[in-house]
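Reading the structure
Listed below, chain by chain, are the residues.
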Amino acid sequence: MLLPSSGWLPQASLQYLHLDWLTTAGIEVAVLRLDQIDPLISGNKWFKLVEHLKAADRAGAEGIISLGGAHSNHLHALAAAGKRLGFKTVGLLRGHPQNTPTVQDLQAFGMQLHWLGYAGYRARHQPGFWIPWLMQYPNVYAVPEGGGGLAGALGCAAIKQQVDAQLASLGWEDFDAWWLACGTGTTLAGLALADNGKRSLYGALAVPDDHGVAPNIESIFAQANDPAANYQLIDASRGAFAKVDEALLTFIEQTGQASGVPLEPLYTGKALLALKQHVEAGGFAVGTRLVFIHTGGLQGRRGFATTP
Ligand SMILES: Cc1ncc(COP(=O)(O)O)c(C=O)c1O
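Conventions adopted
Residues numbered from 1 in each chain as written. Predicted model: local features only at pLDDT ≥ 70, side-chain atom pairs only at ≥ 80, totals over all residues. Heavy atoms only, no water. Pairing = 2+ DSSP bridges. Helix = DSSP H or I, 4+ residues; strand = E, 2+ residues; numbered from the N terminus. Axes fitted to C-alpha atoms, helices over the stretch in contact; angles between N-to-C directions. Contact = heavy atoms within 4.5 Å. Core = buried A, V, L, I, M, F, W, Y, C linked by side-chain atoms within 4.5 Å. Buried < 20%, exposed > 50% of the residue type's maximum accessible area, 1.4 Å probe, protein only. Domains from an automatic or database assignment. Buried area = accessible area lost by both parts, 1.4 Å probe. Salt bridge = Lys/Arg side-chain N within 4 Å of Asp/Glu carboxyl O.

Within a sheet, neighbouring strands are paired by backbone hydrogen bonds and run either parallel or antiparallel to one another. Spatial strand order, β1-β2-β10-β7-β8-β9: six strands in an open sheet with mixed pairing. For this open sheet the edge positions go to β1 (14–16) and β9 (231–235), each flanked by a neighbour on one side alone. Averaged over neighbouring strand pairs, the angle between their axes works out to 25° when direction is ignored. Relative to strand β2 (residues 28–33), β1 is paired through three bridges, and the arrangement is antiparallel. Bridging across to β2, L14 finds its partner in L32. Its contacts with the sheet place helix α9 (residues 186–195) against β7 (177–182), β8 (200–205), β9 and β10 (289–294), and it is angled at close to 155° to β7.

Once that is clear, we can look at the nonpolar core. L32, L34, I159, V163, W178, V291 and I293 are the most contacted members of the largest nonpolar core, which has 34 residues in total. Mapped by element, the contributors of at least two residues to this core are β2, α7 (149–155), α8 (157–166), β7, α9, β8, α10 (213–223) and β10. Sort the elements by how many residues they give to this core and α9 lands first, with five residues. The residues contacting V163, other than those within four sequence positions of it, are L14, L32, F175, W178, V291 and I293. Counting 28 residues, the second largest nonpolar core, distinct from the first, contains I27, V31, I234 and A236.

Moving on, we come to the domain arrangement of the protein. Quoted interface sizes are often the accessible area lost when the parts come together. Partitioning the protein into domains gives domain 1 (14–43 + 151–303) and domain 2 (45–147). Residue-level contacts link 25 residues of domain 1 with 19 residues of domain 2. Buried surface at the junction of domain 1 and domain 2, summed over both partners, amounts to about 1800 Å²; 60% is from carbon and sulfur atoms. The largest contributions to the domain 1 side of the interface with domain 2 come from L40, I41 and Q299, which together make up 32% of the buried area. For the interface between domain 1 and domain 2, the tally reads two salt bridges. One salt bridge connects D105 with R302, and the closest N-O pair in it is separated by 3.0 Å.

If you want it as structure tokens, here you go:
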């Protein structure tokens, strides 16, 4: 069994976010600290993995094979879960061998690594891509990049339950909208399905607009047979995925000092900065209540020498 029979489900706390620019605008934000759920298996990753692990168990697999880059939060969480729960993990990496802190962890967690180059990695969507890998590793189950797809989304329903269960502790009866970073849109799609149109969702894109996030979200809705969701995607990428600039780094540092909430520059820092810009542009009425999902990823900060 890959999943523990106890059904390990980490709990995140929902905390009021105190920042001047929110107070000035009369907007209230609570942050769900998925970054704190576990020292190694942090953020939205465990939630996106759970249904894949259940499917792997149903298939009688002994481990998981998946893909990602040399800073991948997904591979990091997967490798850590494999080590913790005692299952085999295989990682297919984009590009040529690099010795990033993430890659060192993957090796230390016992993940078997293969570097595919860039062209080899681009082939990951082609039919037949997995065949040679599953011949080489017959007892592993293939999980798509980032733990995506409908299975990845369905695991994120638990994120909504954790928020709903803690609203009263903030003195909130309800809130108006979700705000979160999007890479593939899987987490947003999962929240939308679970929330069933109750609140709007804002996805702050960590990747440029042409990266297929909206089609990916729509395809998850179509697979779930659930078309209606009130969501909006906002370009938060600041030019490119993983592009980091001085204003972003300063914002992350100041936010950490003012609120005690650590952010990283690829997803959560960009997402909160995009929220600030949206708020300052008058995008929300006074009195709006939002939940910001801290999707973790702090391990990836080590790969950025300029990160505060
Ligand atoms: C820290 C962090 N936040 C957000 C996301 C985006 O999640 P999704 O791909 O479900 O949109 C990712 C990527 O998977 C991530 O690593």
